[in-house]
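Examining the three-dimensional arrangement
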Amino acid sequence: MKIFLYGLIASLFLSPLSLLAAQKNPGLTIPSHSLLLWVAQAEGVQIYVSKPKKGEKNSFEWTFKSPKATLLSKSGKKIGSHYSGPTWQANDGSKITASTPPESKWEQKNSIPWLLLKVKSHEGEGILSRVNYVLRIDTLGGLPPKNPPQKADQTVSIPYKATYLFLTPASK
């Protein structure tokens, strides 16, 4: 419990800077009346699978399948995980799944886009129980290979890093 509280306090110190960075980007619109509840650094992979291009029998393209990442505190301790859904699960057992496509997106030149995702479901009691939006910012890597696949059903895992900001409605 002590580690959890220290992590929460540390994440709150990041909140003004993290939200400011997200607000400066015109492609992302942070929902009004939202407060930053939790911050997690993600380290993992974006998984892509090769599929035939529409209308082309022998030409293939990379299609996003799912993320697989560890969520870390500022000090580098594991505080949760992120996987297909998209789903985030905290070590306290609380879990959220977001709707796709994202509410808004800000494309990056050399990494996966920054996203605003609306939460569609909650499980368990804990830090994620009150989260209604997730922002993915500060992305690094994760883009599919530039070279097209040569056959169907190939899978690649591309390393990525990101910061996830978990927002909750402001009290009225």
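The coordinates are above.
Since the model is a prediction, treat every value here as computed from it, not as a measurement. Each chain has its residues counted from 1, running along the sequence as written. Two thresholds apply to this predicted model, a pLDDT of at least 70 for residue-level local features and 80 or more for giving and counting side-chain atom pairs, whereas whole-chain, interface and lining totals are computed over all residues. Only hydrogens and water are set aside when side-chain values are computed; all heavy atoms of the structure are taken into account.

Digging into the overall build of the protein chain
What the protein chain contains, in helices and strands, is 1 helix and 9 strands. The helix count covers DSSP runs of H or I at least four residues long, the strand count covers runs of E at least two residues long, and both are numbered beginning at the N terminus. Listing every helix and strand of the protein chain by position from the N terminus yields α-β-β-β-β-β-β-β-β-β. Classification of the 172 residues of the protein chain by burial places 42% in the buried group. Whether two residues are in contact is decided by their heavy atoms: any pair within 4.5 Å suffices. When contacts within the protein chain are restricted to residue pairs at least 6 apart in sequence, those whose partners lie at least 24 apart make up 61%. Of the roughly 9,900 Å² of accessible surface on the protein chain, 55% is carried by carbon and sulfur atoms. The classification of residues rests on relative accessible area computed with a 1.4 Å probe and restricted to protein chains. Under 20% of the type maximum is buried, over 50% is exposed, and intermediate values are partly exposed. For accessible areas, the Shrake-Rupley method is used with a probe of radius 1.4 Å. Any residue's cover is judged against the shown protein chains and nothing else.

Brief notes about the packing of aromatic side chains
Both the distance between ring centres and the angle between the ring planes are used here to describe each pair of aromatic rings. When two rings of Phe, Tyr or Trp (its six-membered ring) have centres within 6.5 Å they constitute a pair, described as stacked for plane angles under 30 degrees, edge-to-face for angles over 60, and tilted for the intermediate range. Tallying each qualifying case throughout the model produces 5 aromatic pairs. Both rings, one in W88 and one in F166, keep their centres 6.3 Å apart while their planes meet at 85°; by these two values the pair is edge-to-face. Of the two residues, W88 is situated in strand 4 (residues 87-90) and F166 in strand 9 (residues 155-169); the sequence distance between them amounts to 78 residues. Take W88: its relative accessible area is 1%, and that puts it in the buried class.

Notes on the nonpolar core
Side-chain atoms within 4.5 Å link the members of a nonpolar core, which is a set of buried Ala, Val, Leu, Ile, Met, Phe, Trp, Tyr and Cys residues. Ranked by size, the top nonpolar core spans 26 residues in total, and within it W88, L128, Y164 and F166 carry the most contacts. Broken down by secondary-structure element, the contributors of at least two residues to this core are strand 1 (34-52), strand 2 (60-72), strand 4, strand 5 (95-98), strand 7 (114-123) and strand 9. F166 has contacts with L35, L36, L37, W38, A40, W88, I96, L128, V131, Y133 and V134, leaving out every residue within four places of it along the chain. Of all hydrophobic cores here, the second largest spans 11 residues; its members include L36, V39, I137 and L165.

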